[in-house]
Structures are given as C-alpha cells and as structure tokens.
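A closer look at the structure
Okay, here's what each chain looks like letter by letter:
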Amino acid sequence: MENKNIWVYIETENGIAKNVGYELLAPGRAMADKLEAQLVAVILGKDAADVAAQAIAYGADQAILVEGDEYDTYNTDIQSYAMEALVRKYTPFIVLFGATNNGRDVAPRVACALHTGLTADCTGLDIDENGLLASTRPAFGGNLMATISCPDHRPQMSTVRPGVFKKPAADESRTGGIIREDIHMDSANVRVHLLERVKEVAEAVHLEEAEIIVSGGRGLGNPENFSLIRDLADAMGGVVGASRAAVDAGWIPHAHQVGQTGKTVAPKIYVAVGISGAIQHLAGMSGSDTIIAINKDPDAPIFSVADYGIVGNLFEVVPALTEAIRAKKA
C-alpha cells in the first residue's frame with residue numbers, strides 16, 4: 001500500500017523554528033486526516049529537540065529530528081543532502097516547505113534530485129477528488145489562480161508563503177514519537193560556506209514573523225519620509241514594510257516589500273500608510289488580523305479591506321499617531 005504520510009519541513013536557525021513551519025502543520029493536519037495518514041514534522045538543526053516537541057503540540061503525529069553543528073545555520077548543500085536522504089528512506093506522499101529564502105532554495109534542489117515536481121509559492125493546499133495534493137498559486141501577476149497537481153511522481157512537493165495559514169493552537173497534552181536520524185555530509189563535498197551575514201537578510205526574516213508591521217507606499221513622496229514609518233513602527237514595537245512602488249523607486253530595499261512579488265505577511269496589526277491598495281499588495285497582507293489604512297484618497301482600494309481607516313494627510317496623521325502612542329506608553 002502506498003505511503004500517504006505528509007511531511008512538513010520545519011526550518012530552524014540557532015535552535016529556533018521559523019513560524020512558517022508551524023503554520024504549515026495546520027493544512028498538513030487537515031490533509032493527513034483526509035488521507036487517514038500520519039503528519040510528520042522534519043527538523044534539521046542544532047539542539048532542536050524542543051522544536052520537535054513543539055511541532056507535535058502543534059499537530060504533528062511524529063517528528064524526524066536530525067541534529068548536528070552543521071545544521072546550526074542554513075547551508076544549501078548540507079540541508080538538501082539530508083532531506084534527500086530522508087525522503088529516499090521514508091518515501092513520504094507529500095512534502096511541504098515554507099517559501100522562505102531558504103525554503104525556496106532547498107525544495108527545488110530536493111525535487112530535482114528526486115525527479116519529482118514542485119509547485120512554488122502556494123497560497124492554498126487541499127486533497128483533490130483523486131486523493132492528490134492540489135496546490136493553488138497565483139499566476140499571471142496575480143490575475144488568476146492556478147491549481148496544480150503532480151499525478152505521476154512522488155513525493156508531491158510544494159512551497160507555501162509564510163503568513164498564508166494561521167499557526168494552530170498548541171496542545172501540550174499531545175504525544176508523538178520523535179525519530180532521531182544521524183546524517184552527516186562529508187565536509188569535502190560541501191561547496192558553499194557562509195562568510196558573512198548582513199543586516200538586511202535578518203530583517204527580511206523578521207518581516208514575515210512580525211506581529212506588528214507599518215508599511216509605507218508611494219504616498220510618502222521620497223525615501224527620506226520613510227523616517228515617519230520607522231518612527232511609528234518603533235513606537236508600536238513593530239517592523240517596517242513597504243509597497244512595490246516604494247521598493248521599485250529605490251526608497252527602501254526589497255527585503256521590506258509586502259505583496260505578490262514580496263512577502264506574504266499575517267501580523268496582528270498591519271498599518272498601511274500612503275498605499276493605495278493594488279491587488280498585488282492586498283494579496284500579501286489581507287490575512288492580517290487588524291488592518292489600519294492611512295490615505296488622503298477616500299476611494300483608495302486599501303479601505304475596502306481595512307478594519308480602521310483614516311482619510312487624511314499622512315504627514316499630519318502619522319506624527320500625531322506616533323506621539324499619541326509614545327505618550328500612552330510613557
């Protein structure tokens with residue numbers, strides 16, 4: 001009988017899991033129940049036993065744990081080698097990865113080595129009437145949605161944008177087995193070595209996992225005015241995001257971009273300042289719990305998804321809001 005188990009790759013760094021791995025346990029659990037299969041979390045890390053235990057609390061039936069010093073920070077050769085070895089040994093039916101910078105790197109390498117298909121940047125997952133993985137992703141610039149399946153090769157693989165699914169509630173009473181695997185790549189075969197980490201890379205990760213994001217758009221007028229966004233984000237304890245228009249204008253690095261060609265985020269609070277709300281931007285932040293829009297145009301599309309809207313001059317509203325928050329905190 002064919003193995004129907006569903007795997008979720010839990011990305012870690014310095015022993016800490018990226019939220020997207022836990023988020024993927026939600027659709028993974030639903031699909032595993034449909035298939036009457038096991039949901040398995042796969043963790044490659046250093047001192048990551050707590051991550052395995054937490055994955056079970058979030059819904060996994062089992063966890064496969066590979067530990068070692070070489071897994072402390074991401075390495076493309078080592079991670080893909082270990083994942084390929086695990087898949088060949090256990091033959092899962094489906095493997096899901098977060099569409100992070102690292103997930104987008106390791107997933108296609110593993111898919112290529114296994115001669116199977118991979119659907120990238122998905123925003124929806126389900127089991128279709130044939131019992132196959134149905135992966136939905138935007139196509140043609142977000143103007144339509146395509147549902148893609150992989151009927152002939154195994155495993156079926158997809159990467160999923162962070163923030164698309166909500167992290168399930170943890171149930172600390174859940175129990176499950178932790179399988180430890182000892183996999184080490186010969187150092188002579190490791191071609192990629194980390195020389196330096198720059199600040200922007202770290203900020204890109206924080207954007208996806210932030211609980212509060214303040215984003216600026218074309219309405220700011222110039223890059224210097226992003227200081228208003230940074231001040232408000234600092235006051236709220238959040239991070240800075242941006243629209244594609246602001247990034248394309250060179251006002252802020254791409255790492256801050258939210259939207260179809262940037263990051264998909266789902267913070268508790270999302271503040272959109274001077275952003276009209278094109279469909280490509282909405283696709284990246286509409287899953288936020290609370291959306292606050294500040295725009296001088298009362299007909300801006302952003303107001304159609306906002307929970308709270310302020311129609312006004314951002315150069316007056318944002319400083320006033322920042323001062324009010326600071327005063328409240330003080």
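Note: the structure precedes this text.
Residues numbered from 1 in each chain as written. Predicted model: local features only at pLDDT ≥ 70, side-chain atom pairs only at ≥ 80, totals over all residues. Heavy atoms only, no water.

1. Some details on the sheet that holds strand 8 (residues 124-127)
Two strands in a sheet stick together by hydrogen bonds in their backbones, pointing the same way (parallel) or opposite ways (antiparallel). Taking strand neighbours across the sheet as the criterion, the three strands line up as 8-9-10 in an open arrangement whose pairing is antiparallel. Strands with a single pairing partner mark the edges of an open sheet, and in this sheet they are strand 8 and strand 10 (144-148). Neighbour-to-neighbour, the strand axes of the sheet open up by a mean angle of 25 degrees, direction not taken into account. Across four bridges, strand 8 lies against strand 9 (residues 133-139) in antiparallel orientation. Considered in strand 9, the bridge of Gly-124 is made with Thr-136. Strands strand 8 and strand 9 of the sheet are contacted by helix 1 (residues 19-35), whose axis makes an angle of about 10 degrees with strand 8. (Pairing = 2+ DSSP bridges. Helix = DSSP H or I, 4+ residues; strand = E, 2+ residues; numbered from the N terminus. Axes fitted to C-alpha atoms, helices over the stretch in contact; angles between N-to-C directions. Contact = heavy atoms within 4.5 Å.)

2. Focus: the packing of helix 6 (residues 226-236) against helix 9 (residues 314-329)
Packing of helix 6 against helix 9 brings their axes to within 9 Å, and their N-to-C directions diverge by 25 degrees. Comparing the axis directions of helix 6 and helix 9 gives the class roughly parallel. Seen along the crossing, helix 6 lies across helix 9 with a hand that is left-handed. Every residue of helix 9 that contacts helix 6 at Leu-228, Asp-231, Leu-232, Asp-234, Ala-235 and Met-236 is listed here: Leu-314, Phe-315, Val-318, Pro-319, Leu-321, Thr-322, Ile-325, Arg-326 and Lys-329. (Parallel < 35°, antiparallel > 145°, perpendicular 65-115°, else oblique. Left-handed = near helix turned anticlockwise from the far one by under 90°.)

3. Here's the deal with the nonpolar core
If you look at the biggest cluster of nonpolar residues, it comprises 33 residues, and the most contacted ones within it are Ile-10, Leu-25, Ile-43 and Leu-96. Sorting the residues of this core by element identifies strand 1 (6-10), helix 1, strand 4 (39-45), helix 2 (49-57), strand 5 (62-67), strand 6 (94-98) and strand 8 as the ones contributing at least two each. The element best represented in this core is helix 1, accounting for seven residues. Ignoring anything within four residues of it in the chain, the contact list for Ile-10 reads Ala-17, Gly-21, Tyr-22, Leu-25, Ala-41, Val-42, Ile-43, Leu-44 and Val-51. Core analysis: the next-biggest nonpolar cluster, separate from the first, contains 25 residues, Val-40, Ile-78, Val-106 and Ala-111 among them. (Core = buried A, V, L, I, M, F, W, Y, C linked by side-chain atoms within 4.5 Å. Buried < 20%, exposed > 50% of the residue type's maximum accessible area, 1.4 Å probe, protein only.)

4. As for the pairing of strand 5
Where strand 4 lies against strand 5, six bridges are found, and the strand directions are parallel. The residue bridging Ile-43 from the neighbouring strand is Leu-65, located in strand 5. The handedness of the strand 4 to strand 5 crossover, carried by helix 2, is right-handed. Sheet analysis places strand 5 next to strand 12 (residues 177-181), joined by five bridges and oriented parallel. Bridged to Ile-64 within strand 12 is Ile-179. (Right-handed = clockwise from strand over helix to strand, strands pointing away.)

5. Considerations on the pattern of salt bridges
If you walk through the whole model with that rule in mind, you get 18 salt bridges. Its salt-bridge partner being Lys-46, residue Asp-69 comes within 3.6 Å of it at the nearest N-O pair. Placement of the pair is Asp-69 in the loop between strand 5 and helix 3 (76-90) and Lys-46 in the loop between strand 4 and helix 2, with a sequence separation of 23 residues. According to the relative accessible area criterion, Lys-46 is partly exposed, its value standing at 28%. The closest approach of N and O atoms between Lys-268 and Glu-211, which form a salt bridge, is 3.7 Å. With Lys-268 in the loop between helix 7 (244-248) and strand 15 (269-273) and Glu-211 in the loop between helix 5 (199-209) and strand 13 (212-216), this residue pair connects regions lying 57 residues apart in the sequence. Residue Lys-268 is classed as partly exposed on the basis of its relative accessible area, which comes to 46%. Linked by salt bridges that have partners in common, Arg-29, Asp-33, Asp-61 and Arg-174 make up one network. (Salt bridge = Lys/Arg side-chain N within 4 Å of Asp/Glu carboxyl O.)

6. Things to note about unusual backbone geometry
Negative phi values dominate among residues other than glycine, just as trans dominates among peptide bonds. In this structure, Pro-155 follows Arg-154 across a cis peptide bond, with omega equal to 0 degrees. Mapped onto the secondary structure, Pro-155 falls in the loop between strand 10 and strand 11 (156-160). One non-glycine residue, Asp-47, adopts positive backbone phi at about 55 degrees. Tracing the backbone through its elements, the reader meets Asp-47 in the loop between strand 4 and helix 2. Even without a glycine there, the phi angle at His-115 is positive, about 55 degrees. Positionally, His-115 belongs in the loop between helix 4 (103-114) and strand 7 (118-122). We classify His-115 as exposed; its relative accessible area is 65%.

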